[in-house]
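Next come the chains, spelled out residue by residue.
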Amino acid sequence: MRDIAVVGFAQSKHVESDTHHNEVEMLMPVIADVVKQSGIGAKEIGFTCSGSCDYLIGAPFSFVQALDAVGAWPPISESHVEMDAAWALYEAWVALQHGDIESALVYGFGKTSTGDLGEILNLQLDPYTVAPLGLDHLSYGGLQARAYLDTTGRSERDLAEVAARSAHDARDNPNAVRRGEVTADDVLGEPPVRSPLRPFDCAPITDGAAAVVLAAGDLARRVCSRPAWIRGIDHRIEAHQLGVRDLATSMSTALAGDTAGVASGAVDVAELHAQFSHEELILREALGLGDEVRVNPSGGALGANPVMATGLIRIGEVAHRIHDGSATRGVAHASSGPCLQQNLVCVLEGTD
Amino acid sequence: MAIPDHDALVAHHVLEFPGGYKRSLGPVIGRFLTELRDGKLVGVKLADGRVLVPPAEYDPQTSEATTGEYVPVGPGGVVTAWTWVPQPKRHHVLQWPFAWALVRLDGADTAMLHAVDAGDESKMATGMRVTARFREERVGHITDLESFVPEPS
Amino acid sequence: MSTEPVTMMVEAIRLDFELGAGTAQSRFLLGLADGELRGQRCPVCRKVYMPPRGSCPTDGVPTEEEVLLPDHGIVTTFCVVNLQFHPAAPPAPYVCAQVLLDGADTPLFGLVAGVPADEVRMGMKVKAEWKPREEWTTNLMNIKWFQPTGEPDAAYETYQEHV
């Protein structure tokens, strides 16, 4: 296995709705920033992979147009996943394992303000027996939250405390959309949108982008003083139908975490792709993260949720804390599909 | 280049399949919806004897093909999870406050997703019993089952 | 009620969006409302993009320098449509073309009219025929079509890189 590291991470200053910039205009400064940070020339990068979802703006092949932000000339080796860019990073990591390239650019973006996210995510559900009923993401989130509280005996206050902590932590994140001094009582004081979930329990609508540069072995050491080495990375998926799964746990996250080697060292920081407060609690348990582990110091997805970039941002936020020396070993998680159906876990480490 | 807000043009854009998107159902979903048109709910047996509802072509755990043996389930069942919708969205199956629920029908080993027309959130509880309410006019669509309703106690 | 097995389902699918044009395209469309054709120049390769994209796709940099282009140019390539494939399309046979406005490095898509379809040529010099001014909106359809100016055709070497 080649040693691959994150040597650069950039994200937009996310906003709730950006009517001034189309996807390319939103991406250009982020890509320019990450390439500059990496110390690797734009035309030297060996492979480019992006994650996005054309349905977010209703434009087929919008991901192809997004390449305008990369300057794909002379023609580049490039790929795309119609899912969160954390999986684009996984594909880039696999490509780097082959040994014929030394670096990769990974980016993700989403303008979720453009359409109705609930209606869009409905279309990923079973087309015969579920989608025609109109089930949206807040609704299936509510179902899973209820299953979790019923099974574990945790309370709505436990959820509200996650929401309040995230809003507080996001104050230190200049790129977050939702931040502030919010108490659990404030969260509980609002009427539920889908009981037991209240507005602050649900990630905000966000427009934004993010990018990462990966480099192999010697190149990573040359361009980065403290590369964030990927020590393990794995992803697993569960069955599609909600009624055949145990919604109170995340078996796929536990399995991916095991395979990625989460438990083989101390975890200084974890960034979990929890789009609802209950998801953070489910994911902590699945990854065996105790109360002492600092989870989502960035504010997490509850602070900013540029769908399709949010998972990549979790990897970037852990890498960033390794780069700046505030952490040595961290876990990043990304999720896809309804109710944590598919989960990716990445273990990153810096060496002194 | 920065432009003032009023210069940032926005247009309403619709992505639509006019006349609808046609799907073939295959023998398994086709059987489920044919029975539904007749006002009946069925599941399919897995190799180990458990009953999968809604029926599917493959066992979600073992990936083996399901047996092709259909058994009646419901019309009553138990709510295993639920959430309340105070303000339904335009595509929701019910257009007044209702609950989504996972319902494990009597005779089934898995739960199916549908709506519960409970009237008020206070009527909902995990573990409660509900029963299927069918539409008068049925065509072979999941909404032939209009919703579940609390079972009269 | 039918006794035939149910084999198909039809589902209405509809998504609505409030789609922002972004900065470059908003500037382009607003220009059209005033009868202006606004391109953008790349600071690196100096190419002028029409329509403007806000970025240079070969250099991956913002293209902020606006360039006002004239409404005349040459046909770099064209297609004669003989099938009336859509009721809203012009009556067949009609000609659609790539028109390289003078000063632009990428061509604009448009119709060519005012000349029989079998007389349209690569290199033909054309000028935009606009709708009446009071009908202009933020839309490229303000230009009804391009029609020949009668000038001699441009030599192939002068536009061969834009074909």
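Located above this text is the structure these notes cover.
As a starting point, this report considers the structure included with it.

Cut-offs applied
Residue positions are counted from 1 within each chain, in the order its sequence is given. Chain letters and ligand numbers both follow the written order, the letters beginning at A and the numbers at 1. Local features in a predicted model are, by the rule used here, given only for residues with pLDDT of at least 70; side-chain atom pairs are given and counted only at 80 or more, and totals for whole chains, interfaces and linings are based on all residues. Water and hydrogen atoms were dropped before computing side-chain values, which therefore reflect all heavy atoms in the structure. Here a Phe, Tyr or Trp ring, Trp counted by its six-membered ring, pairs with any other such ring whose centre lies within 6.5 Å, and the pair is stacked when the planes are under 30 degrees apart, edge-to-face when over 60, and tilted otherwise. Each residue's exposure class comes from its accessible area (1.4 Å probe, protein chains only) as a fraction of the maximum for that residue type: buried when under 20%, exposed when over 50%, partly exposed otherwise. We count a charge as sitting over a ring when the NZ of a lysine or the CZ of an arginine lies within 6 Å of the ring centre and within 35 degrees of the ring normal. Any two residues whose heavy atoms approach within 4.5 Å at even a single point are treated as in contact. In this description, buried area is defined as the sum, over both parts, of the accessible area (probe of 1.4 Å) that is lost when the two are combined. Here, a salt bridge means any side-chain nitrogen of Lys or Arg that lies within 4 Å of a carboxyl oxygen of Asp or Glu. In protein, a polar contact requires one atom able to donate a hydrogen and another able to accept it; more generally it is a pair of N or O atoms within 3.5 Å, and residues adjacent in sequence count only if both atoms are side-chain atoms. Helical segments are the DSSP runs of H or I of at least four residues, strand segments are the runs of E of at least two, and each set is numbered from the N terminus. Strand pairing is assigned whenever DSSP identifies at least 2 bridges connecting the two strands. Axis definition: a line fitted to C-alpha atoms, over the contacting stretch in the case of helices. Angles run 0 to 180 degrees between N-to-C directions. In the scheme used here, Gly and all other residues not listed as nonpolar or charged are polar, with Ala, Val, Leu, Ile, Met, Phe, Trp, Tyr, Cys and Pro taken as nonpolar and Asp, Glu, Lys and Arg as charged. In this description, a nonpolar core means a group of buried Ala, Val, Leu, Ile, Met, Phe, Trp, Tyr and Cys residues linked to one another through side-chain atoms lying within 4.5 Å.

### Re the packing of aromatic side chains
Tallied over the entire structure, the rule returns seven aromatic pairs over all chains. Here F98 of chain B and W100 of chain B contribute two aromatic rings whose centre-to-centre distance is 5.0 Å and whose plane-to-plane angle is 75°, an arrangement assigned as edge-to-face. Among the residues examined, F98 of chain B registers a relative accessible area of 0% and is labelled buried. Here W100 of chain B falls in the buried class, since its relative accessible area comes to 0%. One cation-aromatic arrangement involves R146 of chain A over W82 of chain B; the distance from NZ or CZ to the ring centre is 4.0 Å. In this structure, R178 of chain A is placed above the aromatic ring of F200 of chain A, and the distance from its NZ or CZ to the ring centre is 4.8 Å.

### As for the interface of chain C and chain B
Contact with chain C, which involves 30 residues of that partner, is made by 31 residues of chain B. Together, the buried faces of chain C and chain B total about 2800 Å²; carbon and sulfur atoms form 57% of this surface. There are two salt bridges connecting chain C and chain B. With a closest N to O distance of 2.8 Å, D16 of chain C and R90 of chain B form a salt bridge. At the surface where chain C touches chain B, the tally comes to 16 residue pairs in polar contact (both at pLDDT 80 or more). Secondary-structure elements contributing two or more residues to the side of chain C that touches chain B are β1 (8-20) and α1 (22-33) of chain C. Per element, the largest residue contribution to the side of chain C that touches chain B is 13 residues, and it comes from β1 of chain C.

### Looking at the pattern of salt bridges
Counting across every chain of the model gives 37 salt bridges over all chains. Residue E146 of chain B is joined to R135 of chain B by a salt bridge in which the shortest nitrogen-to-oxygen separation is 3.7 Å. A residue pair is termed long-range when its members are at least 10 positions apart, and E146 of chain B in strand β9 (residues 145-150) and R135 of chain B in the loop between β8 (129-134) and β9 qualify at 11 residues. For R135 of chain B, a relative accessible area of 28% translates into the label partly exposed. Two residues, D16 of chain C and R14 of chain C, come together in a salt bridge whose shortest N-O distance is 2.8 Å. Judged by relative accessible area, R14 of chain C falls into the partly exposed class, the value being 33%.

### Looking at the pairing of strand β4 (residues 103-111) of chain A
Residues and elements named next belong to chain A. Here β4 lies mainly inside the structure; nine of its nine residues are buried. Burial along β4 is two-sided: the face carrying S103, L105, Y107, F109 and K111 and the face carrying A104, V106, G108 and G110 are both buried. Here strand β2 (residues 47-51) pairs with β4 via five bridges, running parallel. If you follow C49 over to β4, its bridge partner there is V106. Note that β4 and strand β5 (residues 207-216) share nine bridges and pair antiparallel. The residue bridging G110 from the neighbouring strand is G208, located in β5.

### Some thoughts on the packing of helix α3 (residues 85-97) of chain A against helix α11 (residues 310-323) of chain A
Residues and elements named next belong to chain A. α11 packs onto α3 with a crossing angle of 65° between their chain directions and a minimal axis gap of 5 Å. Along its contact with α3, which presents A85, A86 and L89, the element α11 presents G311, L312 and I315. Its residues assigned to classes, the contact of α3 with α11 shows five nonpolar, one polar and no charged.

### Remarks on the nonpolar core
Judged by nonpolar contacts, the single largest core of 66 residues is most densely connected at W100, L105, M124 and F148 of chain B. Broken down by element, this core gets its largest block of residues, seven residues, from strand β6 (residues 98-105) of chain B. Core analysis: the next-biggest nonpolar cluster, separate from the first, contains 40 residues, A95, I101, A210 and C346 of chain A among them.

### What about the environment of A21 of chain C?
Here A21 of chain C shows up in the loop between β1 and α1. Taking the C-alpha atoms as reference points, A21 of chain C and Q147 of chain C, 126 residues apart in sequence, are found 29 Å from one another. Excluding residues that lie within four positions of it along the chain, A21 of chain C makes contacts with N22 of chain A, L9 of chain B together with S26 and L29 of chain C.

### Brief notes about the interface of chain B and chain A
Contacts between chain B and chain A engage 39 residues on the former and 32 residues on the latter. When chain B packs against chain A, the two sides together hide about 2900 Å² of surface, and 64% of this comes from carbon and sulfur. When the buried surface of chain B facing chain A is broken down by residue, T83, K89 and L113 of chain B rank first, second and third, together holding 18% of it. Counting the contacts that link chain B with chain A gives two salt bridges. The salt bridge involving K89 of chain B is made with D116 of chain A; its shortest N-O contact spans 2.8 Å. The tally of links between chain B and chain A comes to 16 residue pairs in polar contact (both at pLDDT 80 or more). Of all the elements in the fold, those that place two or more residues in the side of chain B that touches chain A are β1 (10-24), α1 (26-37), β5 (76-85), β6 and β7 (112-116) of chain B. The element that contributes the greatest number of residues to the side of chain B that touches chain A is β5 of chain B, accounting for six residues. In terms of residue class, the side of chain B that touches chain A is made up of 23 nonpolar, 11 polar and five charged.

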